[in-house]
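Residue strings, one per chain:
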Amino acid sequence: GAGVSQTPSNKVTEKGKYVELRCDPISGHTALYWYRQSLGQGPEFLIYFQGTGAADDSGLPNDRFFAVRPEGSVSTLKIQRTERGDSAVYLCASSPVRALNTGELFFGEGSRLTVL
Amino acid sequence: KNQVEQSPQSLIILEGKNCTLQCNYTVSPFSNLRWYKQDTGRGPVSLTIMTFSENTKSNGRYTATLDADTKQSSLHITASQLSDSASYICVVSTLRAGNTPLVFGKGTRLSVIA
């Protein structure tokens, strides 16, 4: 597609459940980022992929969070044993290689996660 | 520690008025600074990018400034419109290798009312 696509757009789950959020970046973009955004806050960095590998996962809050990008395109953010504090909008962004250090990110619409 | 601070946290203005949003950063080494606009329920969209050598750049009714000496940037919106209501996020890029080079501010929430 023309832009970054994220699914689902909304996910409601119960505490303790497992959740997967998917990101389909712009075709050809090598860099992919996951951010988490709480109400009234700016995006909080989670993880950054360069191709298939996680170049920086220092933002993942704990070992319940994991992300993969097995073929260097689509990425999945996985959250185990969800907690109410995980409720947020999870934003995915991609960037072409030429723009890696310019902050030129193209964001998806986000996946709103609500943990009851 | 690399940080980006934005002010005010929120702002309400009347349609047609001007406003200025501030961004102070301590990111080093500095590569560039970008302002994003985020409409409610949407992802951020880039408005403008400022490199070290640029002082002022305009994009329609939006004018961004950068003072690399004082590490400050501003985003000025002229003749505001209802559609300007959004969060405006300042993002600074570093020249660090390896780890993600982007540092985000928390944003300024702008509400333009009729």
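In the block above lies the structure referred to throughout.
Keep in mind that this is a model prediction, so the values were computed, not measured. (Residues numbered from 1 in each chain as written. Chains lettered and ligands numbered in written order. Predicted model: local features only at pLDDT ≥ 70, side-chain atom pairs only at ≥ 80, totals over all residues. Heavy atoms only, no water.)

A.B. asks: Please provide a residue-by-residue account of a nonpolar patch on the surface, values included.
C.D. replies: A surface patch of nonpolar side chains, about 290 Å² in accessible area, is lined by B:Ile12, B:Leu14 and B:Ile113. Structurally, B:Ile12 can be placed in strand 2 (residues 10-14). (Patch = residues over 30% accessible without salt bridge, like charges linked within 9 Å, V, L, I, M, F, W, Y side chains within 5 Å. Areas by Shrake-Rupley, 256 points an atom, 1.4 Å probe, with all protein chains shown as cover. Salt bridge = Lys/Arg side-chain N within 4 Å of Asp/Glu carboxyl O. Helix = DSSP H or I, 4+ residues; strand = E, 2+ residues; numbered from the N terminus.)

A.B. asks: Account for the nonpolar core, naming residues and giving values.
C.D. replies: Residue and element names in this part refer to chain B. Grouped together as the largest cluster of nonpolar side chains are 25 residues, with contacts concentrated most on Val4, Tyr25, Leu33, Trp35, Leu75, Tyr88 and Val92. When residues of this core are traced back to their parent elements, those giving at least two are strand 3 (19-25), strand 4 (30-38), strand 5 (45-51), strand 7 (62-67), strand 8 (72-77), strand 9 (86-94) and strand 11 (108-113). Those residues in contact with Leu75, other than ones at most four positions away along the chain, are Cys19, Thr20, Leu21, Trp35, Leu47, Tyr62, Thr63, Ala64 and Tyr88. (Core = buried A, V, L, I, M, F, W, Y, C linked by side-chain atoms within 4.5 Å. Buried < 20%, exposed > 50% of the residue type's maximum accessible area, 1.4 Å probe, protein only. Contact = heavy atoms within 4.5 Å.)

A.B. asks: I'd like a rundown of the interface of chain A and chain B, residues and numbers included.
C.D. replies: Between chain A and chain B, the residue contacts involve 21 residues of the former and 21 residues of the latter. Where chain A touches chain B, the interface holds 1 salt bridge. Notably, a salt bridge pairs A:Glu109 with B:Arg42, separated by 2.4 Å at the nearest N-O pair. At the junction of chain A and chain B, the tally comes to 5 residue pairs in polar contact (both at pLDDT 80 or more). (Polar contact = N/O pair within 3.5 Å; in protein donor to acceptor, adjacent residues only side chain to side chain.)

A.B. asks: Which residues make up the pairing of strand 5 of chain B, and what values do they have?
C.D. replies: Residue and element names in this part refer to chain B. Bridge count between strand 4 and strand 5: 6 bridges; the pairing is antiparallel. Note on strand 5: the bridge partner recorded for Tyr36 is Ser46. With antiparallel pairing between neighbouring strands as the criterion, strand 4 and strand 5 make up a hairpin whose turn holds 6 residues, including Gly41 at a positive phi of roughly 75°. (Pairing = 2+ DSSP bridges.)

A.B. asks: Give a description of the state of the cysteines that names residues and reports values.
C.D. replies: One pass over the structure, following the stated rule, counts 2 disulfides over all chains. A:Cys23 shares a disulfide with A:Cys92; S-S distance 1.9 Å. Between A:Cys23 and A:Cys92, the disulfide has an S-S torsion of -70° and is therefore left-handed. Taken together, the positions of A:Cys23 in strand 3 (residues 19-24) and A:Cys92 in strand 9 (residues 88-95) put the pair 69 residues apart, joining distant regions of the chain. For the pair A:Cys23 and A:Cys92, one class covers both residues: buried. In this model, B:Cys23 is linked to B:Cys90 through a disulfide, with the two sulfur atoms separated by 2.0 Å. Residues B:Cys23 and B:Cys90 share a disulfide whose torsion about the S-S bond is about -70°; that sign makes it left-handed. (Disulfide = S-S within 2.5 Å.)

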